[in-house]
Amino acid sequence: MKYLLILLLIPLAQAEGLRLDSPAGGWRNTTGKAERYTQNVQYPATLVNTPENQGKLALIRGHIGKTPKTPAKGEENKPYRLIVNGVPMPLRIDEDGSFSRPYSFSRGANSVEVRSPDGKERAASQFYDSNKERAQTKLRVVLSWNTNSTDLDLHVISPDGEHTYYGHRVSKNGGALDVDVTSGYGPEIYANPSPPKGRYLVYVNYYGGYSAPPAMTIAQLSIINNENTLHEKQQLFNVPMRKTGDLTLVGSFVYP
């Protein structure tokens, strides 16, 4: 534990031009602080970046200081990468170089890293949340994809028959879809602090695209059980989605 304390209190080096402003490294205690991490759903959606009233402790935020801010021709499928607690996902960058998105962090040790498409630049932070009242996310499903101007939808069917998706974002069993992104690279995230035991089905629907014809895209699905515990397990799936209307069973698993 002594070595963990030292590690968390030393800020990690950040690349010149790539800055991670939040979350800050070190210790924090969010007891008694309600943090909103969900985003409002609008269709068609605006952007994945966060609204002005977003809670600061549930926010990943930073800036890229050099140009270009948009991918060069032929590099559209190579966005910046966001890695949260070992789970990778594409990261959308605004034209001014800024990025921000909400995230529901668990108590305990957390890590956040941003990497450039070529992997030569990185910015990272580690922190420890000592809030014992914060529920652990025992099941998290993260969907992202590798093409811009594409809309994929995440559907999670739990053992009790609850179907959580953009049309039913909060289920009676505690599961919730935190954001429905209809453009960019995602992500869409399902989280449940008290998931029912049994078999889960995870589908991905290629809802549409903004190019003609809609581009083939690779759906990346990360399934995390017992996050931030000694029993954590991660599974990663990559599935090609070839055309609008495709509905694919990407994952089937038993919890716990």
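Bear in mind that the values here come from a model prediction, so they are computed numbers and not experimental data.

Draft legend 1. Structural context of the environment of D129. By the secondary structure assignment, D129 is in strand β8 (residues 122-129). Excluding residues that lie within four positions of it along the chain, D129 makes contacts with R28, N29, T30, S106, R107, G108 and R134. A distance of 2.9 Å separates a polar side-chain atom of D129 from the backbone nitrogen of N131.

Draft legend 2. Looking closely at the packing of aromatic side chains. The full count for this structure, using the stated rule, is 6 aromatic pairs. With centroids separated by 5.3 Å and ring planes inclined at 45 degrees, the aromatic side chains of Y103 and F105 adopt a geometry described as tilted. Geometrically, the ring pair formed by F105 and F127 is edge-to-face, given 5.1 Å between the ring centres and 85 degrees between the ring planes. Residue F105 is located in the loop between β6 (98-102) and β7 (108-115), and its partner F127 is located in strand β8; the two are separated by 22 residues in the primary sequence. Exposure remark for F105: the relative accessible area of 4% places this residue in the buried category.

Draft legend 3. Main features of the side chain of N192. Looking at where N192 falls in the secondary structure, it is placed in strand β13 (residues 188-192). A residue is classified by how much of its surface remains accessible, and N192, at 0% relative accessible area, is buried. Setting aside its immediate chain neighbours within four residues, N192 contacts T137, K138, L139, N173, G174 and G175.

Draft legend 4. Structural context of the environment of Y206. Within the secondary structure, Y206 is located in strand β14 (residues 198-209). Using a relative accessible area of 0% as the deciding quantity, one classes Y206 as buried.

Criteria and thresholds
- Residues numbered from 1 in each chain as written.
- Predicted model: local features only at pLDDT ≥ 70, side-chain atom pairs only at ≥ 80, totals over all residues.
- Heavy atoms only, no water.
- Helix = DSSP H or I, 4+ residues; strand = E, 2+ residues; numbered from the N terminus.
- Contact = heavy atoms within 4.5 Å.
- Polar contact = N/O pair within 3.5 Å; in protein donor to acceptor, adjacent residues only side chain to side chain.
- Phe/Tyr/Trp six-rings, centres within 6.5 Å; stacked < 30°, edge-to-face > 60°.
- Buried < 20%, exposed > 50% of the residue type's maximum accessible area, 1.4 Å probe, protein only.

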